[in-house]
Amino acid sequence: QVQLVESGGGTVQPGGSLNLSCLASGNIFDRISIMSWHRQAPGKQRELVASIASGGTRPYYSDFAKGRFTISRDNAKNTLSLQMNILKPQNTAVYFCKAVDLEQEPHRDYWGQGTQVTVSS
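Residues numbered from 1 in each chain as written. Predicted model: local features only at pLDDT ≥ 70, side-chain atom pairs only at ≥ 80, totals over all residues. Heavy atoms only, no water.

Draft legend 1. Local environment of the pairing of strand E5 (residues 47–53). One ladder, built from six bridges, connects strand E4 (residues 33–40) with E5; its direction is antiparallel. What sits directly across from Trp37, in E5, is Ala50. The loop that links E4 with its antiparallel partner E5 comprises six residues; one of these, Gly43, has a positive phi angle of about 80°. Bridging between E5 and strand E6 (residues 60–61) involves two bridges; their strand directions are antiparallel. (Pairing = 2+ DSSP bridges. Helix = DSSP H or I, 4+ residues; strand = E, 2+ residues; numbered from the N terminus.)

Printed below as a string of structure tokens:
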């Protein structure tokens, strides 16, 4: 059973930084998988922030994340991270970690409970 637990959220002033972490239990990091961060702001749909495949190469970023956010994964520590710099008030949202197990047919998705990020002066 795969469980994802996010941490690192909080309140930060505009221009500040946060580093989110997602610790996975189970063996998802040993499998062919795609790990990603998503966010959901109040009244809006959940949207993709960034994703990274098993090998850790060629990460994908949504346009608003390019140049300011960095996604990384440490397979040895079963941890997915999201470094967020130069945060803006519009980055305020609940941030979720997601894992997609590509070795299962159909592919199986796992979600964390989310961590609140608030950017406010």
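Draft legend 2. Local environment of the sheet that holds strand E1 (residues 3–7). In spatial order, the strands read E1-E3-E8-E7; together these four strands make up an open sheet with antiparallel pairing. Single-partner strands in this sheet number two, and they are E1 and strand E7 (69–74). Neighbour-to-neighbour, the strand axes of this sheet turn through a mean angle of 15°, independent of strand direction. Note: E1 against strand E3 (residues 18–25), five bridges, orientation antiparallel. Among the inter-strand pairings, Val5 is bridged to a residue of E3, identified as Leu23. (Axes fitted to C-alpha atoms, helices over the stretch in contact; angles between N-to-C directions.)

Draft legend 3. Summary view of the packing of aromatic side chains. A complete count under the given rule lists one aromatic pair for this structure. The interplanar angle of 85° and the centroid separation of 6.4 Å between the aromatic rings of Phe96 and Trp111 together place this pair among those described as edge-to-face. In this pair, Phe96 sits in strand E9 (residues 93–101) while Trp111 sits in strand E10 (residues 108–111), placing the two residues 15 residues apart along the sequence. A residue is classified by how much of its surface remains accessible, and Trp111, at 34% relative accessible area, is partly exposed. Its guanidinium or amino end placed over the ring of Phe96, Arg46 lies 3.6 Å from that ring's centre, counting from NZ or CZ. The side chain of Arg46 reaches across the aromatic face of Trp111, ending 4.6 Å from its centre. (Phe/Tyr/Trp six-rings, centres within 6.5 Å; stacked < 30°, edge-to-face > 60°. Buried < 20%, exposed > 50% of the residue type's maximum accessible area, 1.4 Å probe, protein only. Lys NZ or Arg CZ within 6 Å of the ring centre and 35° of its normal.)

Draft legend 4. Main features of the nonpolar core. Counting residues in hydrophobic clusters, the biggest one holds 30 residues, and the most contacted among them are Leu4, Met35, Trp37, Leu80, Leu82, Met84 and Tyr95. Secondary-structure elements contributing two or more residues to this core are E3, E4, E5, E7, strand E8 (79–84), E9 and strand E11 (115–119). Contacts of Leu80, omitting those with residues within four sequence positions, involve Leu20, Ser21, Cys22, Phe29, Met35, Ser36, Trp37, Ile52, Ile71, Ser72, Arg73 and Cys97. (Core = buried A, V, L, I, M, F, W, Y, C linked by side-chain atoms within 4.5 Å. Contact = heavy atoms within 4.5 Å.)

Draft legend 5. Summary view of the state of the cysteines. Evaluated as defined, the whole model comprises one disulfide. Across the disulfide from Cys22 sits Cys97; the S-S distance is 2.1 Å. Disulfide Cys22 to Cys97: torsion about the S-S bond roughly -75°, handedness left-handed. Residue Cys22 is found in strand E3, and its partner Cys97 is found in strand E9; the two are separated by 75 residues along the sequence. As far as burial versus exposure is concerned, Cys22 and Cys97 are alike and both buried. (Disulfide = S-S within 2.5 Å.)

Limitation: the analysis is restricted to geometry and does not speak to function.
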